[in-house]
There are 2 protein chains.
Amino acid sequence: MQTLTRKQREIQDREQLILDTAREMLTHRGYLGLNMDAIAEALEYSKGTIYNHFSCKEEIILAMAVETMSKRSEMFDRASNRPGDSRQRLTGIGVAAELFVRLYPEHFQVEQIIRSASFWEKTSEARRNALRGCETRCMGIVAGIVRDALSRGDVELAEGVCPEDLVFGLWSQTFGAYAIIATSDSLSHVGIEDPFRSVRYNINRMLDGYGWRPLSTEFDDLGQFDAICEEIFPEERKLIAG
Amino acid sequence: MQTLTRKQREIQDREQLILDTAREMLTHRGYLGLNMDAIAEALEYSKGTIYNHFSCKEEIILAMAVETMSKRSEMFDRASNRPGDSRQRLTGIGVAAELFVRLYPEHFQVEQIIRSASFWEKTSEARRNALRGCETRCMGIVAGIVRDALSRGDVELAEGVCPEDLVFGLWSQTFGAYAIIATSDSLSHVGIEDPFRSVRYNINRMLDGYGWRPLSTEFDDLGQFDAICEEIFPEERKLIAG
DNA sequence: TGACATTATTGACTATCCGTCAATAATTGA
DNA sequence: TCAATTATTGACGGATAGTCAATAATGTCA
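From a predicted model like this one, the values you see are computed outputs, not experimental measurements.

This part covers the pattern of salt bridges. Counted by the stated rule, this structure contains 44 salt bridges over all chains. A salt bridge links Asp-148 of chain A to Arg-152 of chain A; the shortest N-O distance between them is 3.1 Å. With Asp-148 of chain A and Arg-152 of chain A both in helix 7 (residues 125–152) and four residues apart, the pair spans about one turn of that helix. Look at Arg-152 of chain A and you get exposed, because its relative accessible area is 51%. The salt bridge involving Glu-135 of chain B is made with Arg-115 of chain B; its shortest N-O contact spans 4.0 Å.

Below, the structure written as structure tokens:
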């Protein structure tokens, strides 16, 4: 491993700088405010230099997605390693997921863009794989908890139902809810005052429906969020406190 | 009510033609293939004429959204009027929702676009209201079934939980799942072979978790889809049979 | 150190697409 | 029939993605 020259370090740092600038623009000026000329101007480099780092606009957006997704898989990992019964560990994952969307509110904008048709055409396989890797890792962590619960006898699955079906339920429930929350001005006009609380509650109902023990009648399903959050993510919790 | 001249009818018909063309382009050529020049060329009118109908590109997309959403609210309405116990009626709504995404696979592309930041700026209030109306109607239909179930004693809600919380659970679960399904090549790489079946199963688990009677242990929760589909939507069912 | 090779940077340029509007064509009504 | 009204046209302006030959900076080696 060769040490890098000053120039090489400069280039490497700039890559991160581009991503930070792009993220800031997406957050504050919306998708239309995120354009190559604006990034170049903000960084006081020419457009060509930006294109030396990323071959197209889509690559920048994909790189942002990889950054946040890998942060999320780290958080999932930390949550899954917490001691406790299987249902508590799963609750930890839920805490991680919620904390994540609150820490990175712009993530769902990015997710929305990368999920649109014809986004992928010009992107590199390396980055595509990096993103898929994060997705698979997150899925695997959660499926691992389910399998663990199965082997401990905390939950049973009916014939023809696999752990991934349950994980898909958690995934679609949280993904759908957070996407709706992130892209609506307010949900109070349809009668939902605290959508995050609502998500937690509904997920616990689903787990109860699966018969995952201990059932939420045996513990305080809504009250434990803050405690678990403080225990696993004290640093991150401070960040969203404001 | 004045009868329209030939010219006026021609103009009215063209509006629908524009929408059909736009929908076809979005489906087959993706978002980037949907542009005003292409629409004008396909219809053999000039761009200016298209702009006489819709003041901007966003208005066309929004009009497509209103079309499909109002179709969906019709389907919800038909489903909710079916006789049966409250849980069967809710299952009917589920059938309608699933049938809808299969009939209009491009709808989630549209939904994704209209949910992106800075989409709404140039759109007209009339169309925005039309869309919100459909949303509120759908929500209201489902919330109505929940309230009905409450009054019949089929389900009880804990202190501090309102019917809309439950509806939000169904909404986010299905929205999330269908969005993931519509924008992924395949889910078999994460171990989910039949995601639609998985959604139905998970929703029934959630309703069981709410204690909504009859519980799915008392009926065939997975087997009833085809029967209900045939009963309420025989025509639509033929369309997706191919 | 200085001359030459390599690498990085620049910004003018092309292409594409949204949206405008003055000129032109078609339709209507008296 | 002809003037007024309405509809249609497509060239044009402006914004932005992406290219590439010219130029500047950096690295290498006698």
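Moving on, we come to the packing of aromatic side chains. In this structure the tally under the stated criterion is 14 aromatic pairs over all chains. A ring pair is formed by Tyr-178 of chain B and Phe-196 of chain B, whose centres lie 5.7 Å apart and whose planes are at 40°; its orientation type is tilted. With Tyr-178 of chain B in helix 8 (residues 163–182) and Phe-196 of chain B in helix 9 (residues 195–209), this residue pair connects regions lying 18 residues apart in the sequence. Take Tyr-178 of chain B: its relative accessible area is 6%, and that puts it in the buried class. Following the ring pairs from residue to residue traces out a cluster consisting of Phe-108, Phe-175, Tyr-178 and Phe-196 of chain A.

Once that is clear, we can look at the protein's contact with DNA strand D. The immediate surroundings of DNA strand D are formed by 21 residues, with Lys-47, Lys-57 and Lys-122 of chain A together with Arg-14 and Thr-49 of chain B found nearest. For DNA strand D, the fraction of protein-proximal atoms (within 4 Å) that sit in sugar or phosphate groups is 70%. Tyr-51 of chain A has a polar side-chain atom sitting 3.2 Å from a phosphate oxygen of DNA strand D. At a separation of 2.9 Å, a phosphate oxygen of DNA strand D approaches a polar backbone atom of Lys-57 of chain A. Looking at the surface near DNA strand D, the elements that each hand over two or more residues are helix 1 (6–33), helix 2 (36–43), helix 3 (47–53) and helix 4 (57–80) of chain A together with helix 1 (6–33) and helix 3 (47–53) of chain B. Along the lines of polarity and charge, the residues of the surface near DNA strand D split into six nonpolar, six polar and nine charged.

Around DNA strand C there are 21 residues in total, and Arg-14 and Thr-49 of chain A together with Lys-47, Lys-57 and Lys-122 of chain B lie nearest to it. In DNA strand C, atoms within 4 Å of the protein come 67% from sugar and phosphate. Interatomic distance of 3.1 Å between a side-chain N/O atom of Tyr-51 of chain B and a phosphate oxygen of DNA strand C. Side-chain polar atom of Lys-122 of chain B to a phosphate oxygen of DNA strand C: 2.4 Å apart, as the coordinates give it.

All names here are of chain B. Running from amino to carboxyl end, helix 1 crosses helix 6 (residues 107–114) at an angle of 35°, the nearest separation of the two axes being 10 Å. Our pair here, helix 1 against helix 6, has a crossing hand that is left-handed. Here helix 1 contributes Leu-26, Gly-30 and Tyr-31 to the contact with helix 6, which in turn contributes Gln-109, Val-110 and Ile-113. Its residues placed into classes, the contact of helix 1 with helix 6 shows four nonpolar, two polar and no charged.

Listed per partner, the contact involves 47 residues of chain A and 48 residues of chain B. For the pairing of chain A and chain B, the buried interface totals around 4,000 Å² over both sides, and the portion due to carbon and sulfur atoms is 60%. Linking chain A to chain B there are zero salt bridges. Secondary structure elements with two or more residues in the side of chain A that touches chain B: helix 1, helix 6 (107–114), helix 7, helix 8 (163–182) and helix 9 (195–209) of chain A. Of the residues forming the side of chain A that touches chain B, the biggest block, 14 residues, is contributed by helix 8 of chain A. Its residues placed into classes, the side of chain A that touches chain B shows 23 nonpolar, 16 polar and eight charged.

Here the focus is the relation of the copies chain A and chain B. Rotating chain A by 179° and moving it 0.0 Å along the rotation axis overlays it on chain B with an RMSD of 0.1 Å. The relationship between the two copies is best expressed as a two-fold rotation axis.

Another point: helix 8 of chain B. With 20 residues, helix 8 of chain B ought to run about 28 Å at 1.5 Å a step, and its terminal C-alpha atoms sit 28 Å apart, in line with that. Counting buried residues along helix 8 of chain B, 19 of its 20 residues qualify, which places the element largely inside the surrounding structure.

Moving on, we come to helix 6 of chain B. Most of helix 6 of chain B is tucked away: eight of the eight residues are buried. Within helix 6 of chain B, the full set of buried residues consists of His-107, Phe-108, Gln-109, Val-110, Glu-111, Gln-112, Ile-113 and Ile-114 of chain B. In this structure, the buried residues of helix 6 of chain B make contact with helix 6 of chain A together with helix 1, helix 4 (57–80), helix 5 (86–103), helix 7 (125–152) and helix 8 of chain B.

Inspection of the secondary structure puts Leu-157 of chain B in the loop between helix 7 and helix 8. Expressed as a C-alpha distance, the spacing of Leu-157 of chain B and Thr-68 of chain B, which sit 89 residues apart in the sequence, is 33 Å.

Where the parts come together, the accessible area they lose is often given as the size of the interface. Residue and element names in this part refer to chain A. We note that the domain assignment places domain 1 (1–53) and domain 2 (58–241) within chain A. Summarising the inter-unit geometry, the C-alpha centres of domain 1 and domain 2 are found 30 Å apart. The partner domain 2 presents 11 residues to the 14 residues of domain 1 that form the contact. Taken together, the two surfaces of domain 1 and domain 2 that pack against each other cover about 1,100 Å², and 64% of this comes from carbon and sulfur. For domain 1, the biggest contributors to the area lost against domain 2 are Leu-19, Arg-23 and Leu-26; these three give 57% of the whole. Joining domain 1 to domain 2, the criterion identifies four residue pairs in polar contact (both at pLDDT 80 or more). Of all elements in the fold, only helix 1 and helix 2 reach the threshold of two or more residues within the side of domain 1 that touches domain 2. Looking at the side of domain 1 that touches domain 2 element by element, the count peaks at 10 residues for helix 1.

Bringing the side chain of Glu-111 of chain A into the picture now. Residue and element names in this part refer to chain A. Mapping Glu-111 onto the fold places it in helix 6. Among the residues examined, Glu-111 registers a relative accessible area of 6% and is labelled buried. A distance of 2.6 Å separates polar atoms of two side chains, one belonging to Glu-111 and the other to His-107. With sequence-adjacent residues up to four places away left out, Glu-111 is seen in contact with Arg-72 and Phe-175.

What counts as what
Residues numbered from 1 in each chain as written. Chains lettered and ligands numbered in written order. Predicted model: local features only at pLDDT ≥ 70, side-chain atom pairs only at ≥ 80, totals over all residues. Heavy atoms only, no water. Salt bridge = Lys/Arg side-chain N within 4 Å of Asp/Glu carboxyl O. Helix = DSSP H or I, 4+ residues; strand = E, 2+ residues; numbered from the N terminus. Buried < 20%, exposed > 50% of the residue type's maximum accessible area, 1.4 Å probe, protein only. Phe/Tyr/Trp six-rings, centres within 6.5 Å; stacked < 30°, edge-to-face > 60°. Near = heavy atom within 4 Å. Polar contact = N/O pair within 3.5 Å; in protein donor to acceptor, adjacent residues only side chain to side chain. Nonpolar A, V, L, I, M, F, W, Y, C, P; charged D, E, K, R; others polar. Axes fitted to C-alpha atoms, helices over the stretch in contact; angles between N-to-C directions. Left-handed = near helix turned anticlockwise from the far one by under 90°. Contact = heavy atoms within 4.5 Å. Buried area = accessible area lost by both parts, 1.4 Å probe. Least-squares fit on C-alpha atoms with pLDDT ≥ 70 in both. Expected span 1.5 Å × (residues − 1). Domains from an automatic or database assignment.

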